[in-house]
Amino acid sequence: MLPASSDVIVVGGGNAAFCAALAAAEHGGSVLLLERAPEDEAGGNSRFTAGAFRCVYDDVEDLRALMPDLTDEEVANSDFGTYTEEKFFDDMGRVTEYRTDPDLCEILVTRSKETMRWMRDKGVRFAPIWGRQAYKIDGKFKFWGGLTVEAWGGGPGLVDALTAIARKNKVTIAYEARAVSLIADDDGIKGVRVKHAGKTVDVHAKCIVLAAGGFQANAEMRTRYLGPGWELAKVRGTRFNTGDAIRMALDIGAMPTGNWSGSHAVGWDRNAPEFGDLTVGDNFQKHSYPWGIYINADGERFVDEGADFRNYTYAKYGRVILMQPKQFAYQVFDSKIIPMLRDEYRIKRVTKVRANTLEELVNKLEDVNAEKALETIKTYNKAVMTEVPFNPNVKDGRGTRGLAIPKSNWANTIEDPPFEAYAVTCGVTFSFGGLKIDTSARVIDTDGAVIPGLYAAGELVGGLFYFNYPGGTGLMNGAVFGRIAGTSAGQRAAQMQA
Ligand SMILES: Cc1cc2nc3c(=O)[nH]c(=O)nc-3n(C[C@H](O)[C@H](O)[C@H](O)COP(=O)(O)OP(=O)(O)OC[C@H]3O[C@@H](n4cnc5c(N)ncnc54)[C@H](O)[C@@H]3O)c2cc1C
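What this report covers is the structure whose coordinates are included nearby. Here the structure is a predicted model, which is why all the values come from computation and not from measurement.

## Some words on the pairing of strand 17 (residues 329-333)
In terms of burial, strand 17 is a largely internal element, five of the five residues being buried. Burial of strand 17 is two-sided: the residues A329, Q331 and F333 facing one way and the residues Y330 and V332 facing the other way are all buried. In the sheet, strand 16 (residues 293-296) pairs with strand 17 via four bridges, with the strands oriented antiparallel. Each bridged residue has a counterpart across the sheet, and for Y294 the counterpart in strand 17 is Q331. Of the pairings in the sheet, the one linking strand 17 to strand 19 (residues 419-431) comprises five bridges and is antiparallel in character. Bridge assignment links V332 to a residue of strand 19, and that residue is A421.

Next comes the structure, spelled out in structure tokens:
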């Protein structure tokens, strides 16, 4: 049974929602969290993640504060570098082509460090991302790409921890509780209509935080906003993020903002299921493409695979793959690179071919013009600047010469057998367009006024990401703005009580 009312209601059950619920609970009122999914599928996209958080740290002491388990030996064997506010700002500016909302971006960057500490103080544990974000050079792990910290146990560990902490902090969690509309009048929010275990009921609230994800799992909205062809993309994460909360807020006059035709989308196994599978998590992704080449159905390369570190290109290349004939491409590697491929290349459910000659390889590539593919690989091999040493830790400048589509870094010839190729299509992660909020996470209406009592955080907020995204920012965004939204809602509810 749902309670008839709650001081604060949080709609959603992912990272942003739990951070909001925990922050709201600090102000003493009752907090109800509505999760549309059943408990065994709960946790939204947050649960599908590797749990990587992009956060500012100025030195190793900042990391120790987050990860007190770090031993002296681990610190001595690692080159963590730094990730300063300046670097985070630069990354956000560069990848969004300087369209990111400056006020929201400033909050995201400058509050990332303290928000991580707040999560740690609540009981969330973190660890360095040894496996995916560091290479061992001369016996030392060198971290790259500004992404160093992950939640203990990845996304599932994060959601489990947040759920347990929320329960400890007296947050009421309702599963199979789908918010369907907001109850509001001229004075603002009054409550939410919920379909809970098959029955529709109204639950009253002083404040509501919307943290119910984007619209990427809704094929109709994808096609309407991202454009024709997007109904053919696979959804990487939860099937429950169908844009409900965005629609509910727009229905009461909230302002849409941000990159509505944009999304985070990556190369994802061509035969992956339509929605994410929690037993596989993010392992349908294939993120080692900067070390190899992409070939499409016409047998041609179509993108600069080595334009930048993986963290800064992967989120926009899904769209590029979707735009190829038959919406797929192969990633091709030879034996020099195969041992370096990320773990996700070694899962059971992978669409892969292997061959001992290039001729054999191209003939095994399903739906691909083999003759053209062979020509493409041979032309590419001749163009590689083999005189420049390959170095995966830096943008090594080992590019190609004279190709219509250059490869700027990490160009390795594909000539040493055995060869492997992996088929990928577009996997959409989350939509970029969403609701307009102010720096207190209050939802703004189409007249530019605050909607009293309505707050939003996470994937469904627009304005931060355009065209692209620096890896690990989604969870940080949800945590920073979830906490702010929860604090704002908790404070307002307490004031109304007084
Ligand atoms: C495979 C994969 C890997 C990723 N890896 C990373 C990573 O390592 N680092 C990173 O920063 N980001 C990563 N991301 C992106 C990240 O998952 C999101 O940016 C982030 O989790 C969004 O958090 P959120 O709380 O806003 O949304 P979500 O975690 O998706 O939560 C939304 C919640 O709302 C619920 N909901 C939806 N509709 C309703 C409704 N009507 N009523 C009630 N509840 C509703 C959903 O069930 C869900 O619980 C990854 C995403 C995927 C899919």
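## Regarding the environment of K170
Assignment of secondary structure puts K170 in the loop between helix 9 (154-168) and strand 9 (172-174). K170 gets classed as exposed once you look at its relative accessible area, which sits at 70%.

## Details of the sheet that holds strand 7 (residues 140-143)
The strand order across the open sheet formed by three strands is 4-7-6, and the pairing between neighbours is mixed. The sheet terminates laterally at strand 4 (78-79) and strand 6 (134-137), the two strands that pair on one side only. Strand direction decides the pairing type here: strand 4 and strand 7, joined by two bridges, are parallel. Paired with S78 across the strands is F141, a residue of strand 7.

## Regarding the packing of aromatic side chains
Scanning the model with the defined rule gives 26 aromatic pairs in all. Geometrically, the ring pair formed by Y83 and F88 is tilted, given 5.5 Å between the ring centres and 40 degrees between the ring planes. Aromatic side chains Y225 and W260 sit 4.8 Å apart centroid to centroid with 70 degrees between the ring planes, which places their arrangement in the edge-to-face category. Pair noted here: Y225 is in helix 10 (residues 219-226) and W260 is in the loop between strand 14 (256-257) and strand 15 (263-269), with a separation of 35 residues, a long-range link. Residue classification places W260 among the buried positions, given a relative accessible area of 14%.

## Regarding the site of the ligand
In the vicinity of the ligand there are 39 residues, among which E35, N45, S46, N241 and L475 approach most closely. Between a nitrogen atom of the ligand and a side-chain N or O atom of Y469, the distance comes to 3.4 Å. For the ligand, the accessible surface in isolation is 1,000 Å², of which the surrounding protein chains cover 97%. Going through the elements one at a time, helix 1 (15-25), helix 2 (44-48), strand 10 (177-185), strand 19 and helix 15 (473-497) are the ones with two or more residues in the shell around the ligand. Here the element with the most residues in the shell around the ligand is helix 2; it accounts for four residues.

## Digging into a negative patch on the surface
Together, E85, E86, D90, D103 and E106 give the surface a local cluster of negative charge. Within the residue set of the negative patch, elements represented by two or more residues are helix 5 (85-95) and helix 6 (102-110). Looking at the negative patch element by element, the count peaks at three residues for helix 5. For E86, the position within the fold is in helix 5. The exposure class of E86 is exposed, given its relative accessible area of 55%.

## Considering the packing of helix 6 against helix 15
Viewed as axis vectors pointing N to C, helix 6 and helix 15 meet at an angle of 95 degrees, and their least axial separation amounts to 9 Å. Put simply, helix 6 runs roughly perpendicular to helix 15. Taking contact as the criterion, the partners of L104, I107 and L108 in helix 6 are, on helix 15, T473, M476, N477, V480, F481 and I484.

## Some points on the layout of surface pockets
Its boundaries defined by the atoms lining it, the largest pocket holds a volume of some 330 Å³. As for the largest pocket, its lining consists of 21 residues, and the residues nearest its centre are T82, K87, W144, G145 and G146. Only helix 5 and strand 7 provide two or more residues apiece to the lining of the largest pocket. Counting residues per element, the lining of the largest pocket draws most heavily on helix 5, which supplies four residues. Here the lining of the largest pocket is composed, by residue class, of nine nonpolar, six polar and six charged. Estimates place the volume of the second largest pocket at around 280 Å³. For the second largest pocket, the lining is made up of 19 residues, of which G131, R132, Y135, M340 and R342 are closest to its centre. When residues of the lining of the second largest pocket are traced back to their parent elements, those giving at least two are helix 8 (130-133) and strand 6. When residues in the lining of the second largest pocket are grouped by element, the largest group, three residues, is from helix 8. Looking at the lining of the second largest pocket residue by residue, the class counts come to ten nonpolar, four polar and five charged.

Reading the values: rules and limits
- Residues numbered from 1 in each chain as written.
- Predicted model: local features only at pLDDT ≥ 70, side-chain atom pairs only at ≥ 80, totals over all residues.
- Heavy atoms only, no water.
- Buried < 20%, exposed > 50% of the residue type's maximum accessible area, 1.4 Å probe, protein only.
- Helix = DSSP H or I, 4+ residues; strand = E, 2+ residues; numbered from the N terminus.
- Pairing = 2+ DSSP bridges.
- Phe/Tyr/Trp six-rings, centres within 6.5 Å; stacked < 30°, edge-to-face > 60°.
- Near = heavy atom within 4 Å.
- Polar contact = N/O pair within 3.5 Å; in protein donor to acceptor, adjacent residues only side chain to side chain.
- Areas by Shrake-Rupley, 256 points an atom, 1.4 Å probe, with all protein chains shown as cover.
- Patch = residues over 30% accessible without salt bridge, like charges linked within 9 Å, V, L, I, M, F, W, Y side chains within 5 Å.
- Salt bridge = Lys/Arg side-chain N within 4 Å of Asp/Glu carboxyl O.
- Lys, Arg positive; Asp, Glu negative; His and termini not counted.
- Charge placed at Lys NZ, Arg CZ, Asp CG, Glu CD.
- Axes fitted to C-alpha atoms, helices over the stretch in contact; angles between N-to-C directions.
- Parallel < 35°, antiparallel > 145°, perpendicular 65-115°, else oblique.
- Contact = heavy atoms within 4.5 Å.
- 1 Å grid on protein atoms, 1.4 Å probe; cavity = no way out; pocket = protein on both sides within 12 Å on 5 of 7 lines; lining within 4 Å.
- Points joined across faces, edges and corners; volume = space filled by probe spheres on them.
- Nonpolar A, V, L, I, M, F, W, Y, C, P; charged D, E, K, R; others polar.

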